[in-house]
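Notes for the structure review
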Amino acid sequence: MEELLRVEGLQKSFGKKQVLNGIDLTVYRGDIVCVIGPSGSGKSTFLRCLNCMEDPTGGKIWFDGEDLADMSVDINRHRQNMGMVFQHFNLFNNKTVLENIMLAPVYTRLHPPKGQPKPSRAQVKEEAREEALALLKRIGLEEKADVYPSTLSGGQKQRVAIVRALAMKPKLLLFDEPTSALDPEMVGEVLDLMRDLAKSITMIVVTHEMGFAREVSNRMLFIDEGRILEEGEPEEFFGNPKHPRLKDFLSKVL
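Note that the structure is a prediction, hence the values are computed from the model and not measured.

This brings us to the overall build of the protein. Each helix and strand counted, the protein has 9 helices and 10 strands in total. Taking 2.2 N^0.38 as the reference for a compact globule, 254 residues should give roughly 18 Å; the C-alpha atoms of the protein span a radius of gyration of 19 Å, in line with that estimate. Taken over the C-alpha atoms alone, the protein extends approximately 60 × 45 × 40 Å along its principal axes. Relative to its 254 residues, the protein shows a buried fraction of 49%. Contacts in the protein between residues at least 24 apart in sequence constitute 66% of all its contacts with a sequence separation of at least 6. Computed over 34 positive and 37 negative side-chain charges, the separation of the two mean positions in the protein equals 4 Å.

This is how it looks when you write it as structure tokens:
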């Protein structure tokens, strides 16, 4: 198995409050890792530290052979390979659906690494447009290309947010409770898209959707008080939990 991400002793504190207390994790290419735990346990902070949206206060995050926690590393270059989908969509309301999806690919291709030739703006925009339209067709929203996010349902917004992350062709996708802000009837369409994606991309998913986690993941993590208290394959994890805290948690959510 090819290692994609390795976390060693990850810590994060906000002032005197310690949120992450030494997390160790290795993610291999093709893994679908689902993370569960009570509110305030550090799950979202863990994800935000992985792509350094929050700067870790201790530990190492190895991705593509470099430690992202090293302040000298060009984190923006690595973020191109690590997409993130948030609870609240974070779409730009002043841009159309198509423009939202094209924005990051166009910017990064027009600003290549030092020493590489700069491509033509017209060519870059046309390629990004074709790719964005193909992604919208994949999720059945091609007819929404020229509308603004305010006209979409919550489920449609989240599906657009997911394909916006896909437009960067990432090696790893992070999902931070992607269905928690949706009305119940819209949850299914987002989970269906994620099920499809799970066949072709490595994912770490913080979720409250236990059925989805059990069905799609190949590894489960239970985080509480900033620590991984239990890790395992979904059948054993749900069917025969070992840690008392996980047993108590599952008894309340299943």
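Turning our eyes to something else, we now look at the packing of helix α5 (residues 154-166) against helix α6 (residues 184-197). It is the contact of α5 with α6, at a shortest axis distance of 8 Å, that shows an interaxial angle of 20°. By the angle between their directions, the pair α5 and α6 is classed as roughly parallel. Considering how the two elements wind past one another, α5 and α6 form a crossing that is right-handed. Contacts between α5 and α6 pair Gly154, Gly155, Gln156, Gln158, Arg159, Ile162 and Leu166 from the former with Met186, Glu189, Val190, Leu193, Met194 and Leu197 from the latter. A breakdown of the residues in the contact of α5 with α6 according to their chemical character gives 7 nonpolar, 4 polar and 2 charged.

Another aspect to go through is the packing of aromatic side chains. In this structure the tally under the stated criterion is 2 aromatic pairs. A ring pair is formed by Phe222 and Phe249, whose centres lie 5.3 Å apart and whose planes are at 45°; its orientation type is tilted. Of this pair, Phe222 sits in strand β9 (residues 219-224) while Phe249 sits in helix α9 (residues 244-253), placing them 27 residues apart in sequence. The interplanar angle of 75° and the centroid separation of 5.3 Å between the aromatic rings of Phe237 and Phe238 together place this pair among those described as edge-to-face. As far as the burial class goes, Phe237 and Phe238 line up, both buried.

Strands sit in the order β2-β1-β4-β5 across an open sheet of 4 strands; the sheet is antiparallel. Across the chains shown, the open sheet's two edge strands, defined by having one partner strand only, are β2 (17-28) and β5 (66-67). With 5 bridges joining them, strand β1 (residues 3-14) and strand β4 (residues 58-63) adopt antiparallel strand pairing. From the neighbouring strand, Val7 faces β4, where its bridge partner is Ile61. This element, helix α1 (residues 43-50), spans β1, β2 and β4 of the sheet and lies at about 120° to β1.

Bringing the pairing of strand β7 (residues 172-176) into the picture now. Counting buried positions along β7 gives 5 out of 5 residues, so the element sits mostly inside the fold. Burial along β7 is two-sided: Leu172, Leu174 and Asp176 and Leu173 and Phe175, pointing in opposite directions, are all buried. Both strand β6 (residues 82-85) and β7 contribute to a ladder of 4 bridges, which runs parallel. When the sheet's bridge partners are listed, Met84 is paired in β7 with Leu174. Bridge analysis of β7 against strand β8 (residues 202-206) gives 5 bridges, and the strand direction is parallel. Residue pairing across strands places Leu172 opposite Thr202, the latter belonging to β8. With α6 bridging β7 and its parallel neighbour β8, the resulting β-α-β unit is right-handed.

Cut-offs applied
- Residues numbered from 1 in each chain as written.
- Predicted model: local features only at pLDDT ≥ 70, side-chain atom pairs only at ≥ 80, totals over all residues.
- Heavy atoms only, no water.
- Helix = DSSP H or I, 4+ residues; strand = E, 2+ residues; numbered from the N terminus.
- Rg over C-alpha atoms; globule rule 2.2 N^0.38 Å.
- Buried < 20%, exposed > 50% of the residue type's maximum accessible area, 1.4 Å probe, protein only.
- Contact = heavy atoms within 4.5 Å.
- Lys, Arg positive; Asp, Glu negative; His and termini not counted.
- Charge placed at Lys NZ, Arg CZ, Asp CG, Glu CD.
- Axes fitted to C-alpha atoms, helices over the stretch in contact; angles between N-to-C directions.
- Parallel < 35°, antiparallel > 145°, perpendicular 65-115°, else oblique.
- Left-handed = near helix turned anticlockwise from the far one by under 90°.
- Nonpolar A, V, L, I, M, F, W, Y, C, P; charged D, E, K, R; others polar.
- Phe/Tyr/Trp six-rings, centres within 6.5 Å; stacked < 30°, edge-to-face > 60°.
- Pairing = 2+ DSSP bridges.
- Right-handed = clockwise from strand over helix to strand, strands pointing away.

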